[in-house]
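As a plain string of letters, each chain reads:
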Amino acid sequence: METADELLLAGVRGAVEGNLRDQGAGRADAEPPPPRRDPCRMTFGEDVLAVAYFLVILGLPVALPVATAGLVVARSPLLKWWVLLLAALALHPIPPFKDWYRRNRMGVILAKYFTMTLVFDMSHPHPMMKNLGTPAVEENPQKIAPMVPLACPHGVLNFGAIVWVFFSRWICGLEQYTAGAPVVAWVPGLRYLCASLWIIPASRKSIKRGLQEHPRTEDKDGKRIDTDVPRRGGMVGVVPDGIAGIFRSKPGSELLYIGKKRGLMRICLEEGAIIAAGWFAGTSDMFHIIQGGRRGPDPALSSGPPVPRPLVPARAPAGAVDDVLSDRAGREEGGAHRG
């Protein structure tokens, strides 16, 4: 039986190697790689909405602390009203797990903005592979749950993984919770992004509860649930390199930083979860990281917070997602097997 370390590395390696196979690097009979796509056409209104979205989710977290510091230094009489505004932005209620957060135009705009391309390793033997992206995925989502998509690498923001949550229902029949730090759900600007991601705490208890929740196919009256109704449960998305992946992100370098903890892989083994390792090419090239403060003992880290630059990422194809389904962990005799 494979260890948690071997399982994690096998899943990530499978994502990269699967992409190479699809591009003709690993099989003599592989189809030639498709030509590089031109950016999707967008209307002027869609461009405006995309830029406004980036300025809200990235600009507010950067601008508000700077403005606050300026008011404090100037001892402005407006400071108390400013604090009330910050409190309102951070604390106004956002009901969790609502369908509107994913059934809106923003998902389509982001997919077009980044010219999102999904690449699947269709040679994988899992029986559900042939149904991906077809209406058949709606028939029996329990066959694919529980599942843990791994979004690699973290970068500053993995927009490929963000786009995925808007469309996963139509690709694999499930809609994911996203494991993350609960504090980001209170950060002005980022709160609206978190609403779409359906953030849950990245704790063992929360992840297991999300995986054990059975995805519904019928409502309380026994009527078949259509895609206009969210299907929660059975899938929890995770960025395996976590916060460290933000600080270690460098343009031109495709790096996945894996620490010493392997609790996630143990959870997958215990729950018999499918591990879907996806590599989102180009994530590290979207932003430059400005790090302030003195250097610590690790030259890759800084005592100051990372600031993304630019706040609006360039409109260029963001690469491809290679989403490879590994075998269901621990379901077969002898434990999990590499895909």
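Residues numbered from 1 in each chain as written. Predicted model: local features only at pLDDT ≥ 70, side-chain atom pairs only at ≥ 80, totals over all residues. Heavy atoms only, no water.

**Q** Just to check I follow, could you spell out the pattern of salt bridges for this structure?
**A** Oppositely charged side chains may form a pair once their charged atoms are brought near each other. What the rule picks out here adds up to 10 salt bridges. Measuring nitrogen to oxygen at the nearest pair gives 2.9 Å for the salt bridge that ties Lys112 to Glu46. Of the two residues, Lys112 sits in helix α4 (residues 105–113) while Glu46 sits in helix α2 (residues 44–74), which places them 66 residues apart along the sequence. Here Glu175 ties to Arg103 by a salt bridge, and the two come within 2.8 Å at their closest N and O atoms. Of the two residues, Glu175 sits in the loop between α5 (159–172) and β3 (177–180) while Arg103 sits in the loop between α3 (79–91) and α4, which places them 72 residues apart along the sequence. Using a relative accessible area of 1% as the deciding quantity, one classes Glu175 as buried. Several salt bridges share partner residues, and in doing so they unite Arg102, Arg103, Glu138, Arg169, Glu175 and Arg231 into one network. (Salt bridge = Lys/Arg side-chain N within 4 Å of Asp/Glu carboxyl O. Helix = DSSP H or I, 4+ residues; strand = E, 2+ residues; numbered from the N terminus. Buried < 20%, exposed > 50% of the residue type's maximum accessible area, 1.4 Å probe, protein only.)

**Q** Just to check I follow, could you spell out unusual backbone geometry for this structure?
**A** The bulk of non-glycine residues show a negative phi, and the bulk of peptide bonds are trans. In this model, Ala145 is joined to Pro146 through a cis peptide bond whose omega is 0 degrees. Position of Pro146 relative to the elements: it lies in the loop between β1 (117–120) and β2 (147–152). The amide bond that connects Cys152 to the next residue, Pro153, takes the cis arrangement and shows omega of -10 degrees. The phi torsion at Arg75 lies on the positive side, around 50 degrees, for a residue other than glycine. Mapping Arg75 onto the fold places it in the loop between α2 and α3. Look at Arg75 and you get exposed, because its relative accessible area is 75%. With a phi angle near 50 degrees, Thr115 is a residue other than glycine that sits in the positive phi range. Mapped onto the elements of the fold, Thr115 is located in the loop between α4 and β1.

**Q** Is there a simple way to think about the nonpolar core in this case?
**A** As a rule of thumb, nonpolar side chains are buried together in soluble globular proteins. Phe54, Leu110, Phe159, Cys172 and Leu193 are the most contacted members of the largest nonpolar core, which has 45 residues in total. At the level of secondary structure, the elements contributing two or more residues to this core comprise α2, α4, β2, α5, α6 (190–197) and β6 (274–280). Among the elements that take part in this core, α5 stands out by supplying 9 residues, more than any other. Once you skip the residues sitting within four places of it in the chain, Leu193 turns out to touch Tyr53, Ile57, Leu157 and Ile162. If you look at the next biggest cluster of nonpolar residues, it comprises 22 residues, including Trp198, Ile200, Val238 and Ala277. (Core = buried A, V, L, I, M, F, W, Y, C linked by side-chain atoms within 4.5 Å. Contact = heavy atoms within 4.5 Å.)

**Q** Before we go on, may I ask you to explain the UniProt feature "transmembrane region" (unreviewed entry) in the chain in this structure?
**A** Here the UniProt-annotated "transmembrane region" (unreviewed entry) positions come out as residues 51–73, 78–94, 106–123, 144–167 and 179–200. For residues 78–94, the helix share is 76%, the strand share is 0%, and the end-to-end C-alpha distance is 27 Å. Its end C-alpha atoms 16 Å apart, residues 144–167 is made of 38% helix and 25% strand. (UniProt positions renumbered as here; feature names shortened; annotations may be inferred.)

**Q** Hey, could you run me through the packing of α2 against α6 in this one?
**A** Between two packed helices, the angle of one axis relative to the other and the distance separating the axes together describe the packing. Contact pair α2 / α6: the axes reach a minimum separation of 7 Å and the direction vectors enclose 120 degrees. By the angle between their axes, α2 is oblique relative to α6. From α2, Tyr53, Val56, Ile57 and Pro61 reach across to α6, where they touch Leu190, Tyr192 and Leu193. For the contact of α2 with α6, the residue count by class is 7 nonpolar, no polar and no charged. (Axes fitted to C-alpha atoms, helices over the stretch in contact; angles between N-to-C directions. Parallel < 35°, antiparallel > 145°, perpendicular 65-115°, else oblique. Nonpolar A, V, L, I, M, F, W, Y, C, P; charged D, E, K, R; others polar.)

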